[in-house]
Amino acid sequence: METQSFKRIQYVIKYPEYFSESEKYPLIVFLHGAGGRGTDISCVKNNPFFIETEKFKFNAVVFAPQCYADSWFDIFEQLGDFVDFAIAQPYIDKDKVYLIGASMGGYATWQMAMTKPEVFAAVVPICGGGMYWNAARLKNMGVWAFHGSEDQVVFCEESKKMIEAIHSAGGRRAKLTICDGVGHYSWRNAYNCRELFDWLFSQKRSAEEIEESKYNNSEQFG
């Protein structure tokens, strides 16, 4: 696991065992929650994502940036540039780019997926939420959301409404796991789910056209 920087963003990069720059690998961009903010990169290195998934030894490269601001949305344009930077690495399989985020990172995962739907094969938003009216942009993308049924920080309805909105738009690759009796820490369920990662690495970027927004009438929609 290495620590590097891109512009003002510090990040952790983790390579798979027997990594070779001449090979092509899936990419996971991981977005931490509010607890990882700041400039102490050890908060990212010690995130439960890395600790809990270590046992799976998946054959992918992970880029995990650290949010130095109050939220990912404060540096969202920089975050988008970071995603482009990670994808541009010569050893990345551009048809197998994935985004995972929890809590604050779950919100950013939903938004980044809708901002750049053309680059992601699949996303895993955990205990987050998004703009339901724009969810049609995810209709051709693999989406597996996780949320705790007892979450009192971000209500489970946030994930439910996003998945329902994708389905209403005709999406058939989106699903939600509701973790019964679990509070805001549903990332534990996600990170320990081998089925999730088997599913994730089976997803490839869609060649279908991206859904255009139907909410472009200012008299009706502001």
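Here goes a summary of the coordinates provided. On a predicted model such as this, the values are computed, not experimentally measured, just so you know. (Residues numbered from 1 in each chain as written. Predicted model: local features only at pLDDT ≥ 70, side-chain atom pairs only at ≥ 80, totals over all residues. Heavy atoms only, no water.)

1. Quick look at helix α3 (residues 76-87)
Right, on to step 1. Relative to the 16 Å expected for 12 residues at 1.5 Å per residue, α3 spans 17 Å between its end C-alpha atoms, a close match to the ideal helical length.
Right, on to step 2. Among the residues making up α3, those that are buried are Phe76, Leu79, Gly80, Phe82, Val83, Ala86 and Ile87. Looking straight down α3, one finds that the buried residues subtend no more than 155° of arc, so they occupy a single side.
Right, on to step 3. As for α3, its buried residues are in contact with β1 (2-6), β2 (9-14), β3 (25-31), β4 (61-65), β5 (92-102) and α4 (104-115). (Helix = DSSP H or I, 4+ residues; strand = E, 2+ residues; numbered from the N terminus. Expected span 1.5 Å × (residues − 1). Buried < 20%, exposed > 50% of the residue type's maximum accessible area, 1.4 Å probe, protein only. Arc of directions from axis to C-beta. Contact = heavy atoms within 4.5 Å.)

2. Some details on the pairing of strand β7 (residues 142-148)
Taken residue by residue, a regular strand's side chains alternate between the two faces of the sheet.
Right, on to step 1. For β7, the tally of buried residues reaches 7 of 7 residues, placing the bulk of the element in the interior.
Right, on to step 2. Burial of β7 is two-sided: the residues Gly142, Trp144, Phe146 and Gly148 facing one way and the residues Val143, Ala145 and His147 facing the other way are all buried.
Right, on to step 3. Strand direction decides the pairing type here: strand β6 (residues 122-126) and β7, joined by 3 bridges, are parallel. Residue alanine 122 lies in a different strand from β7, and its bridge partner there is glycine 142.
Right, on to step 4. Examined bridge by bridge, β7 and strand β8 (residues 174-179) share 6 bridges and lie parallel to one another. (Pairing = 2+ DSSP bridges.)

3. Structural notes on the environment of leucine 27
Right, on to step 1. With respect to the helices and strands, leucine 27 occurs in strand β3.
Right, on to step 2. Note: C-alpha distance between leucine 27 and lysine 175 (148 residues apart in sequence) is 21 Å.
Right, on to step 3. Here leucine 27 is in contact with Val61, Phe63, Ala86, Ile87, Ile92, Lys96, Val97 and Tyr98, once residues within four sequence places are set aside.

4. Describing the state of the cysteines
Each disulfide consists of a covalent bond between the sulfur atoms of two cysteine residues.
Right, on to step 1. Within this structure, the stated rule accounts for 0 disulfides.
Right, on to step 2. For the unlinked cysteine cysteine 156, the closest cysteine sulfur is that of cysteine 179, found at 8.5 Å. (Disulfide = S-S within 2.5 Å.)

5. Quick notes on the packing of aromatic side chains
Right, on to step 1. Enumeration over the complete set of coordinates arrives at 24 aromatic pairs.
Right, on to step 2. The interplanar angle of 45° and the centroid separation of 5.5 Å between the aromatic rings of phenylalanine 56 and phenylalanine 197 together place this pair among those described as tilted. Of this pair, phenylalanine 56 sits in the loop between α2 (48-53) and β4 while phenylalanine 197 sits in helix α7 (residues 194-200), and the two are 141 residues apart along the sequence. Taken individually, phenylalanine 56 and phenylalanine 197 each receive the classification buried, so the pair is uniform in this respect.
Right, on to step 3. Seen from their ring centres, tryptophan 144 and phenylalanine 146 are 5.5 Å apart, and the 20° between their planes marks the pair as stacked. In this structure, tryptophan 144 and phenylalanine 146 share a single accessibility class: buried.
Right, on to step 4. Taken together through their ring pairs, the aromatic side chains of Phe6, Tyr11, Phe63, Phe82 and Phe85 make up a single cluster.
Right, on to step 5. A cation sits over an aromatic face here: lysine 55 above phenylalanine 56, 4.9 Å from the ring centre. (Phe/Tyr/Trp six-rings, centres within 6.5 Å; stacked < 30°, edge-to-face > 60°. Lys NZ or Arg CZ within 6 Å of the ring centre and 35° of its normal.)

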